[in-house]
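# Coordinate analysis (summary)
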Amino acid sequence: MKTFRFVFFVTITLAFGIVLNSKMGSIPPLGKFLSPFRGFWTNAEEPGVNYTETLKIDGLDNEVKVYYDELRIPHIYADNETDLHTVQGYITARDRLWQMDFFSRLVLGRLSEVLDNPAVLNYDKYNRRIGLKRMTYEFYEKTKSSPELHAVIQAYSNGVNAYIDQMSSSDLPLEFKLLNYKPERWSPVKTCLAYAMLSNTLSRGESDLENTNALMLFGRELFDILYPEQLGNIDPVIRKTRKWNFSPVPVVKPDIPYPQILTESTTEKPHPLNGSNNFAVSGAKTKSGNVLLANEPDLELTSPSIWYAYHLNDGHKNVMGVTVPGTPIILIGFNDSISWGVTNSPRDQVDWYAIEFRDDSRKEYLFNNNWFKTEQVIEEFQLADGSTAYDTIIYTHHGPVVYDRNFRGDNQKSNYAMKWIAHFPSTTFDAMYEINQASNYDEFENAMKKFQGPPQNFIFGSAQGDIALWLPGKFPVKWEEQGKFLMDGSELSHEWKQYIPFDHYMYDLNPEQNYLTSANQHQVDSLYPYYVYDHNYEYYRGRRINDRLRVLDDILPKDMMRLQNDNYNYMASESLPMMLSALDTARFDNNQWTIYKTLAEWDYFNAPNLKAPTVYQLWWDLLYKNTWDEFDTISVEVNKPHRYVTIDRFKNDSTFAFADILETPTRESTSELMALTFDMALDSLDAWVDANGEDYSWYRFKNTTIKHLLRLDPFSTSEVPVGGYSGIVNAASKGHGPSWRMVVELDPNGTKAWGVYPGSQTGNPGSPLYGQMIENWATGNYYQLLFDREVDGDEKVIFTQTIEPK
């Protein structure tokens, strides 16, 4: 009997061990995950400094010193560039390895290898179809034309692998354990991931197919009213007084109609709130007489943060700023002599072409009255459950056929090829590499020539006193409305034929107004001699920044910080008086009077503890929704008009037909619609209070949340007490906002800088420092950044690490 009990319990123990160490569906092996020796427990860190004082790693020629400040920003000092970037790769992997792996899988279409979900496989297929994997490999090949840059990429990759090679199972970041996989070796190709990732995030937005649907449904007259290219008093990136002293490349619009094809469902677009602000002021407007520069990229708020901060010094370059983990080049930052920042430059970068195949084999397609051969590429996907999936992508000279019978093609005519500037060979890393080392405006301008790809608005300032704003990229010369609608892939006249010369690019240098700004608004007014179009310009943030800089003088760094954190709601200031005037206050009860008074006395600042912004946003959202409710009945994909256009229609069209609510038997006027939606807003507010409590302060209602990349609530931070919103300079919405704030003073005696981002250098949720900057970010408090030619011995250095050749 004792023998039986022994055998029985041994069997149960073995079975239990097997179960705990086996994956069940999407659940990781719990035995490994809960192990006290290599499971998630080992990711817990003690407070204080947890770095090894002396390390030895492969690939170094000489000793490298790393100094850490209170934010754990590494200040890396090396004797040569190879050692500098080898250590940079090693340290980034130590702090952000899982995030780097996640980003590389996203770009290369390999997330489905570790995430067992059919939707993830479709996402991978889509990312490969639009070319993210292919362009990353081609981008890497292009870096080989620059031996210095290529060596940096190789050194960085070697440093990442040096860290991976010395890891034990217990060292694995928590997410690897949770998903039950190990990191594979890093590669120079992965070090180029930022180009595809940021291009996808910032330059892929378009509405070609939606515009085609709308034009066919509404006709030209109503289409132009609902989707105007320029409207009202725009305040463009390039000042209106700018003169263009060149003859543009000629282009003639062909007399050929656009393809008349309705598209039921279109592909996912980048988030419309992705954007940024940047501005620079000359010494003529500052208290110190030095140039001041500010930049904040408004992106998805994630944990870990999309940015990682460094200070890099190899004896020649001395540069500091932020970059995407996995990327060795500082993308936003400063050095001893200059500073630069970027915002997204809205400009239609994607065109869709309707493709006519010769037959169902899709081996040939029609172009210019001839049949051309396609390229067919079979993409293979190794899935998390051990199975394999495939997808065949057809390539034409226009680009990959994204819509077809296997993907989003809702009829036999839906074969659409994607032509995207990001698909072209690019030297943007070369440009950034040179900017990191530039010492004056001329060197910066030379680097702009190499920024060939999706455009950005570059703000520039120098210790010599120059300020500049450049809009570099790669721009086809387009006839009016070329690329605004679905194009005919068989027509030579619909092809991109020439590109705008560098000498014709938009830029401004040392203007008389003594400041320059950009905030994703229209780039230029109608006097620029080339056709410029985008479907989603920003109408508010740029105007607010310009309004403030026009009147500010004796500007201090703290004034730049205040402007970055400005909560003025320009849209509310232009819409709420109109909305309130439509209400019949004679019929109000006490609650309606209270809410009305709250709105009427509001100063239009979306401060976190105010209640007026909550009521306004509830009301506006319902007003917008019920204005365009007719669009919800349309069976094909059509964009609703911009909120700026909506307000313009209310103010200037007394017979605005869309004011009618479909669900009601009567035909509402504009005033009646506003009154009805006011009552709806109060009902919605009551429901929210019932569910969430009496305090409907703006920050609680808005609920700005910094989400973990895997959407894991325990590793996320919600209800961050920050003001602002989309369309506000402080563009902190629910899940998007200022992902890095930087202010720089270009003092000839030494650059000074301040910065903060909503996260931490470490990506480990088990660290006491995880998310350490979020509170200061929310309250508009900045850290003065440690920067100098030498930082050894500075009181801000809390730990020094020596890394030696192995």
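All figures in this text were calculated on a predicted structure; none of them were measured in a lab. Numbers given for residues are sequential positions, taken from 1 along each chain in its written order. Note on the predicted model: pLDDT of at least 70 is required for a residue's local features to be given, and 80 or more for side-chain atom pairs to be given and counted; whole-chain, interface and lining totals, by contrast, use all residues. Just so you know, side-chain values use all the structure's heavy atoms and leave hydrogens and water out.

Under the scheme used here, helices are H or I runs from DSSP no shorter than 4 residues and strands are E runs no shorter than 2 residues, and both carry numbers assigned from the N terminus. Helix and strand counts for the protein stand at 21 helices and 28 strands. We compute the radius of gyration over the C-alpha atoms and compare it with the globule rule, which gives 2.2 Å times the number of residues raised to the power 0.38. In terms of overall size, the protein behaves like a compact globule, its C-alpha atoms giving a radius of gyration of 28 Å where 806 residues would be expected to give roughly 28 Å. With the C-alpha coordinates of the protein rotated into their principal frame, the extents come out at 85 × 75 × 70 Å. Each of the 806 residues in the protein was classed as buried or not, and the buried ones make up 61%. Between two residues, a contact is recorded if the distance between any of their heavy atoms is within 4.5 Å. Within the protein, contacts between residues at least 6 apart in sequence are counted, and of these 72% link residues at least 24 apart. We get accessible surface area from the Shrake-Rupley algorithm with a probe of 1.4 Å; when it comes to residues, only the shown protein chains can shield them. Accessible surface for the protein amounts to roughly 32,200 Å². Of this, 50% is attributable to carbon and sulfur atoms. Think of it in three bands: with a 1.4 Å probe and only protein chains considered, a residue is buried below 20% of the maximum accessible area for its type, exposed above 50%, and partly exposed in between.

What follows concerns the packing of helix α3 (residues 81–108) against helix α8 (residues 193–202). All axes are obtained by fitting lines to C-alpha atoms, using only the stretch in contact for helices, and the reported angles, taken between N-to-C directions, cover 0 to 180 degrees. The contact between α3 and α8 brings their axes to 9 Å, and the two run at 65 degrees. The orientation of α3 with respect to α8, classified from their angle, is roughly perpendicular. With respect to the hand of their crossing, α3 and α8 are arranged in left-handed fashion. Contacts from Met100, Phe103, Ser104 and Val107 in α3 reach Leu193, Ala196 and Met197 in α8. Classifying every residue of the contact of α3 with α8 gives six nonpolar, one polar and no charged. Under this scheme an angle from 65 to 115 degrees is roughly perpendicular, one under 35 degrees roughly parallel, and one over 145 degrees roughly antiparallel; angles in between are oblique. A clockwise turn of the near helix away from the far one marks a right-handed crossing, whereas an anticlockwise turn of less than a right angle marks a left-handed crossing. Following the grouping adopted for this structure description, the nonpolar residues are Ala, Val, Leu, Ile, Met, Phe, Trp, Tyr, Cys and Pro, the charged ones are Asp, Glu, Lys and Arg, and the polar ones are all others, Gly among them.

Okay, the layout of surface pockets next. Over the atoms rolls a probe the size of a water molecule, and in doing so it shows where empty space is left. The definitions used throughout rest on a 1 Å grid laid over the protein atoms alone, on which a cavity is an enclosed set of points accommodating a 1.4 Å probe that cannot get out and a pocket is an open set flanked by protein within 12 Å on both sides along at least five of seven lines; lining residues are those having an atom within 4 Å of a point. Grid points are joined across faces, edges and corners, and a volume is the space filled by probe spheres set on the points. Volume-wise, the second largest pocket comes out at about 950 Å³. What lines the second largest pocket is a set of 30 residues, among which Leu106, Tyr123, Asn200, Glu300 and Arg711 lie closest to the centre. At the level of secondary structure, the elements contributing two or more residues to the lining of the second largest pocket comprise α3, α4 (118–129), α8 and β5 (291–300).

This part is about the environment of lysine 597. By the element assignment, lysine 597 lies in helix α16 (residues 590–600). Expressed as a C-alpha distance, the spacing of lysine 597 and alanine 612, which sit 15 residues apart in the sequence, is 9.4 Å.

With that settled, the discussion passes to a negative patch on the surface. Together, Asp788, Glu790, Asp792, Asp794 and Glu795 make up a negatively charged patch on the protein surface. Mapping glutamate 790 onto the fold places it in the loop between β27 (783–784) and β28 (799–805). Accessibility expressed as a relative area gives 56% for glutamate 790, which makes it exposed. Patches here are clusters of residues that have more than 30% relative accessible area and form no salt bridge, with a 9 Å joining cutoff for like charges and a 5 Å cutoff for nonpolar side chains (Val, Leu, Ile, Met, Phe, Trp, Tyr). The rule for a salt bridge is simple: a side-chain nitrogen of Lys or Arg has to be within 4 Å of a carboxyl oxygen of Asp or Glu. Charged-residue counts in this description rest on Lys and Arg as positive and Asp and Glu as negative, His and the chain ends being excluded. The atoms used to mark charge sites are NZ of Lys, CZ of Arg, CG of Asp and CD of Glu.

Our focus in this paragraph is helix α18 (residues 643–652). Among the ten residues that make up α18, seven are buried, leaving the element largely enclosed by the rest of the structure. When we look at burial in α18, the residues that qualify are Tyr644, Val645, Thr646, Ile647, Asp648, Arg649 and Phe650. Packing partners of the buried residues in α18 comprise α10 (220–226), α13 (541–551), α15 (570–581), α17 (612–627) and α19 (670–692).

Another aspect to go through is the packing of aromatic side chains. Each aromatic ring pair is summarised here by two numbers: the centre-to-centre distance and the angle between the ring planes. Each aromatic pair joins two rings of Phe, Tyr and Trp (for Trp, the six-membered one) with centres within 6.5 Å, and gets the label stacked for planes under 30 degrees apart, edge-to-face for over 60, and tilted for any other angle. Under the counting rule described, the total for this entry stands at 60 aromatic pairs. Every member of this aromatic cluster is reached through a ring pair, and the members are Phe218, Trp628, Phe631, Phe650, Phe656 and Phe658. Above the ring of phenylalanine 475, the side-chain terminus of arginine 347 is found at 3.8 Å from the ring centroid. Both a distance and an angle decide whether a charge sits over a ring: NZ of Lys or CZ of Arg must be within 6 Å of the ring centre and within 35 degrees of the ring normal. Directly above the aromatic system of tyrosine 499 lies the positively charged group of lysine 474, at a separation of 4.4 Å from the ring centroid.

With that settled, the discussion passes to the confidence of the model for the protein. Values of pLDDT, the confidence the predictor places in each residue, fall between 0 and 100. Averaged over all residues, the pLDDT of the protein equals 93, while 94% of them reach at least 70. Predicted confidence for residues 1–21 stays below pLDDT 50, and this span has nine contacts to residues more than four positions away or in other chains.

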